[in-house]
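Overview (structure and organization)
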Amino acid sequence: MAQTILITGAGSGIGRSTARTFIAAGWRVALLGRREAALAETANGAEALVLPCDVTDAAQVDAAFARLEASFGRLDVLFNNAGQSLPAAPIDEIAVADWLQLSGVNITGMFLCARAAFGLMRRQQPRGGRIINNGSISAHVPRPGSVPYTMSKHAVTGLTRTLGLDGRRFDIACGQIDIGNALTDMAAGFTKGVTQADGSVKVEPVMDVAHVADAVLHMAGLPLSVNVPFMTIMARDMPYIGRG
């Protein structure tokens, strides 16, 4: 039987590209996101389980995972991908409401989806599965004016490390993919100019988002006795080592 994966944030960007890659590879794919029409567009006529859901809402997340369990019977992989960013600004110019909205998606949403996946993987037979969290280069080093996003992605790293430890006795593996300058709508600004650590604005190299999808497919296809705790994939010449 084909393996199963649930992808959050599947209505656009990295989530959409990854979903289409897994569909093409013959996986049974569940698409989770806020906009049902966007999820249907991601499926593009292919057979996929569409799960409209706000990841910040615990009841909606639990209901979506219950639908997945009823439809697929099990979950082999969660790609915990949904996230958002904010315009660059110093911390005192960031509205508290904007911080709460971002942290609701990037931290609480990640927690809720990982929690639901962990519980399902723990009780299903055969037991176990894999959780792949979408981190970021910002899980390691920040961009100027990125306090909310950088804080959230450091939190994702803590989630990954702890689940990787706690999951061992339940045959649950957990890893993180840290992505830099993959060309999506959210990252289109890299091609126009991005503020650097010295205050200058420069165009940055980007990479095709398909490379990210292929990397997630590789991580997902490993046996549960093997794990990639952290993978960094980035446009080769983007500022990271020596970012400033």
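Residues numbered from 1 in each chain as written. Predicted model: local features only at pLDDT ≥ 70, side-chain atom pairs only at ≥ 80, totals over all residues. Heavy atoms only, no water.

**A look at the state of the cysteines**
- Overall, the coordinates contain 0 disulfides when judged by the stated rule.
- Cys 53 carries a free sulfur, and the closest cysteine sulfur to it, the one in Cys 113, is 6.2 Å from it.
- You can call Cys 53 buried: its relative accessible area is 2%. (Disulfide = S-S within 2.5 Å. Buried < 20%, exposed > 50% of the residue type's maximum accessible area, 1.4 Å probe, protein only.)

**Quick notes on helix α2 (residues 36-43)**
- Residues of α2 that are buried: Ala 38, Leu 39, Thr 42 and Ala 43. Down the axis of α2, the smallest arc covering the buried residues is 145°, so these residues share one side.
- Close packing links the buried residues of α2 with α1 (13-24), β2 (28-33) and β3 (49-52).
- Asn 44 sits one or two residues past α2 and shows a positive phi near 55°. (Helix = DSSP H or I, 4+ residues; strand = E, 2+ residues; numbered from the N terminus. Arc of directions from axis to C-beta. Contact = heavy atoms within 4.5 Å.)

**Concerning the packing of α1 against α2**
- Two elements in contact, α1 and α2, have axes separated by 9 Å at closest approach and are oriented at 40°. If you check the angle between α1 and α2, you find them oblique. Here α1 runs over α2; the crossing is right-handed. Seen from α1, the contacting residues are Arg 16, Ala 19 and Arg 20; seen from α2, they are Ala 38, Glu 41 and Thr 42.
- Residue classes in the contact of α1 with α2 are distributed as 2 nonpolar, 1 polar and 3 charged. (Axes fitted to C-alpha atoms, helices over the stretch in contact; angles between N-to-C directions. Parallel < 35°, antiparallel > 145°, perpendicular 65-115°, else oblique. Left-handed = near helix turned anticlockwise from the far one by under 90°. Nonpolar A, V, L, I, M, F, W, Y, C, P; charged D, E, K, R; others polar.)

**Some thoughts on the sheet that holds β3**
- With parallel pairing, 7 strands are arranged side by side in an open sheet as β3-β2-β1-β4-β5-β6-β11. Each of the sheet's edge strands pairs with one partner strand only, and the pair in question is β3 and β11 (230-234). On average, each strand axis in the sheet is tilted by 15° relative to the strand beside it, whichever way the strands run.
- Here strand β5 (residues 129-134) pairs with strand β6 (residues 172-180) via 6 bridges, running parallel. Across the sheet, Asn 134 pairs through a bridge with Ile 177, a residue of β6.
- Here helix α3 (residues 58-72) sits on the sheet in contact with β1 (4-8), β2, β3 and β4 (77-80), set at roughly 165° to β3.
- Contacting β4, β5, β6 and β11, helix α5 (residues 147-166) runs over the sheet at an angle of about 155° to β6. (Pairing = 2+ DSSP bridges.)

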